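Spelled out from the first residue to the last, the chains are:
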Amino acid sequence: MLVHGQGGVKFYNWARTYGSSPELYFQPTSVEEIKEILDLARQRSKRVKVLWRKSHPNNYRIRAVSEVAAGGVIGTGTHNTGIKHGILATQVLALTLLTASGEILECSEAVNAELFQANYPAPSFCSFILCFSILQVLDNLDSHLQKSEYFRFLWFPHSENVSVIYQDHTNKPPSTSASWLWDYAIGYYLLEFLLWISTFLPAMAHWLNRFFFWLLFTAKVENVNLSYKIFSYECRFRQHVQDWAIPIEKTKEALLELKGAIESNPKVVAHYPVEVRFARGDNILLSPCFQRESCYMNIIMYSCRFSALVWIYGVVEAHNCTRKDFETMYPGFHKFCSIRENLDPTGMFLNAYLEKVFY
């Protein structure tokens, strides 16, 4: 073989809540080497899992989208925000696929269109950050969506505070409000230290959310730079994250219900922010935006000493959804399963978790 596998490698997700130890870890550099790996797997009746990160397997800390491979952002439904824009996969014009049998297939909207539908779930930009109350934003959501091409907002739980962010094309020269003191000394190191203390004193999270909103988010801020510098940001400390996609018309109802649940239970604490973003509908079979415009609610919790806190949106474990559940949530799921089974009849790319999902 031209490519050799490495044993003893461990992989972790970002928050280190899940991990795996593959029998062999390969780093192929060509299509021929990938074919060799698949041939070896078929000979030994092994399964193959593709890793979509370009960072080292033991480096579990990822800085937003900038350290994820192209296949990762296509295959995981990665999105930004903007009701006129779809998830990143909608920008793909054509794909070259290598199937479990080693066959290479070209697909696009004109060639192998069904397969294309199943496999794909540097101008300057200007960013404005403004302050509103949660009801002001929700009652005028349509206006905000039309006012800015890439609109999103941050809600600070245990308060009415919302930070609104407008991001749009501009001809202005680059400018920044970045400051090591505010962005790192206070917005990172001090915040992380206080969040760590709050794992022993959970009620402190109420004060933290209000204090840091006042400290860092009450002033109007403007930044102008290349798009990748505006859209990409550092996730500076480990955190548990869940990103929920719901029909856009349910945005107000869902957020107010979440707010009410927190306020009605004094023992429930939530860290800031709840990030709310939007994406245009598409026709990708397993896309969260399949045939609907969607609102994404990104909920986080600092993860140093998680057992001391109550996670507002559920327990820390994998979901228990079955194929029947996914067929209800994703109208195109049955069609996708048929295409998947045709491309991988022996289940080479499956594992125990995926078998539960697809069968």
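Residues numbered from 1 in each chain as written. Predicted model: local features only at pLDDT ≥ 70, side-chain atom pairs only at ≥ 80, totals over all residues. Heavy atoms only, no water.

As annotated in an unreviewed UniProt entry, the protein chain carries the name D-arabinono-1,4-lactone oxidase C-terminal domain-containing protein and is attributed to Sphenodon punctatus.

### Description of the nonpolar core
The biggest cluster of nonpolar side chains holds 25 residues, and the ones touching the most others in it are Phe-151, Phe-153, Trp-155, Leu-255, Val-276 and Phe-278. Ignoring sequence-local partners within four residues, the contact set of Leu-255 consists of Ile-134, Leu-138, Phe-153, Trp-155, Val-274, Val-276 and Met-297. One finds Phe-290, Phe-336, Leu-350 and Phe-358 within the second-largest nonpolar core, a separate group that totals 20 residues. (Core = buried A, V, L, I, M, F, W, Y, C linked by side-chain atoms within 4.5 Å. Buried < 20%, exposed > 50% of the residue type's maximum accessible area, 1.4 Å probe, protein only. Contact = heavy atoms within 4.5 Å.)

### Topic: the UniProt feature "transmembrane region" (unreviewed entry) in the protein chain
Those residues carrying the UniProt feature "transmembrane region" (unreviewed entry) are residues 186–205 in this numbering. Here residues 186–205 is 75% helix and 0% strand, with 16 Å between the C-alpha atoms at its ends. (UniProt positions renumbered as here; feature names shortened; annotations may be inferred. Helix = DSSP H or I, 4+ residues; strand = E, 2+ residues; numbered from the N terminus.)

### What about the packing of helix H6 (residues 180–198) against helix H7 (residues 204–216)?
Where H6 contacts H7, the two axes come as close as 10 Å, and the packing angle between them is 170 degrees. Looking at the two axes, H6 sits roughly antiparallel to H7. In this structure, H6 contributes Trp-182, Ile-186, Gly-187, Leu-190, Leu-191, Leu-194, Leu-195, Ile-197 and Ser-198 to the contact, and H7 contributes Met-204, Ala-205, Trp-207, Leu-208, Phe-212, Leu-215 and Leu-216. (Axes fitted to C-alpha atoms, helices over the stretch in contact; angles between N-to-C directions. Parallel < 35°, antiparallel > 145°, perpendicular 65-115°, else oblique.)

### Overview of the pattern of salt bridges
Taken as a whole, this structure holds 15 salt bridges when the rule is applied. The residue Lys-335 makes a salt bridge to Glu-114 at a minimum N-O spacing of 3.6 Å. We classify Lys-335 as partly exposed; its relative accessible area is 33%. The partly exposed category is assigned to Glu-114, whose relative accessible area is 46%. Here Glu-222 ties to Lys-172 by a salt bridge, and the two come within 3.1 Å at their closest N and O atoms. Of this pair, Glu-222 sits in strand S8 (residues 221–226) while Lys-172 sits in the loop between strand S7 (161–169) and H6, placing them 50 residues apart in sequence. With relative accessibility at 29%, the residue Glu-222 sits in the partly exposed group. In this structure Lys-172 comes out as partly exposed when scored by relative accessible area, which is 40%. (Salt bridge = Lys/Arg side-chain N within 4 Å of Asp/Glu carboxyl O.)

### Observations regarding unusual backbone geometry
In this structure, the amide linkage connecting Tyr-272 to the following residue, Pro-273, adopts the cis form with an omega of -10 degrees. With respect to the helices, strands and loops of the structure, Pro-273 is situated in the loop between helix H9 (251–263) and strand S10 (274–279). Of note in the backbone geometry, Ser-45 takes a positive phi value of approximately 55 degrees without being a glycine.

### Some points on the pairing of strand S3 (residues 94–98)
Side chains of S3 alternate between two faces, with Leu-95 and Leu-97 buried and Ala-94, Thr-96 and Leu-98 left unburied. Bridge count for S3 against strand S4 (residues 104–108) is five bridges, and the pairing is antiparallel. Directly across from Ala-94, in S4, lies its bridge partner Ser-108. Taking the residues between adjacent antiparallel strands as the criterion, S3 and S4 are bridged by five residues, where Gly-102 takes a positive phi near 95 degrees. (Pairing = 2+ DSSP bridges.)

### Observations regarding the packing of aromatic side chains
Aromatic ring pairs are reported here in terms of the distance separating the ring centres and the angle at which the planes meet. What the rule picks out here adds up to 23 aromatic pairs. The interplanar angle of 45 degrees and the centroid separation of 6.0 Å between the aromatic rings of Phe-151 and Tyr-166 together place this pair among those described as tilted. Remark: Tyr-166 occurs in strand S7 and Phe-151 occurs in the loop between helix H5 (141–147) and strand S6 (152–155); sequence separation between them is 15 residues. Of the two residues, Phe-151 and Tyr-166, neither departs from the other in class, the shared state being buried. Plain terms: the ring middles of Phe-211 and Trp-214 are 6.0 Å apart, the flat faces sit at 35 degrees to each other, and that makes the pair tilted. (Phe/Tyr/Trp six-rings, centres within 6.5 Å; stacked < 30°, edge-to-face > 60°.)

### Remarks on the side chain of Arg-152
Residue position: Arg-152 is located in strand S6. One polar contact links Arg-152 to Glu-275, side chain to side chain, over a distance of 2.7 Å. If we ignore the near neighbours within four places in the chain, the residues touching Arg-152 are Thr-81, Ser-163, Val-164, Ile-165, Gln-167, Glu-275, Val-276 and Arg-277. (Polar contact = N/O pair within 3.5 Å; in protein donor to acceptor, adjacent residues only side chain to side chain.)

### Things to note about the environment of Ser-133
Note that Ser-133 resides in strand S5 (residues 124–133). For the pair Ser-133 and Trp-155, spaced 22 residues apart in sequence, the C-alpha separation works out to 8.7 Å.

### Details of a nonpolar patch on the surface
Taken together, Leu-190, Phe-193, Trp-196, Phe-200 and Leu-201 make up a surface patch of nonpolar side chains, about 480 Å² in accessible area. Counting through the fold element by element, Phe-200 comes out in the loop between H6 and H7. Residue Phe-200 is classed as partly exposed on the basis of its relative accessible area of 44%. (Patch = residues over 30% accessible without salt bridge, like charges linked within 9 Å, V, L, I, M, F, W, Y side chains within 5 Å. Areas by Shrake-Rupley, 256 points an atom, 1.4 Å probe, with all protein chains shown as cover.)

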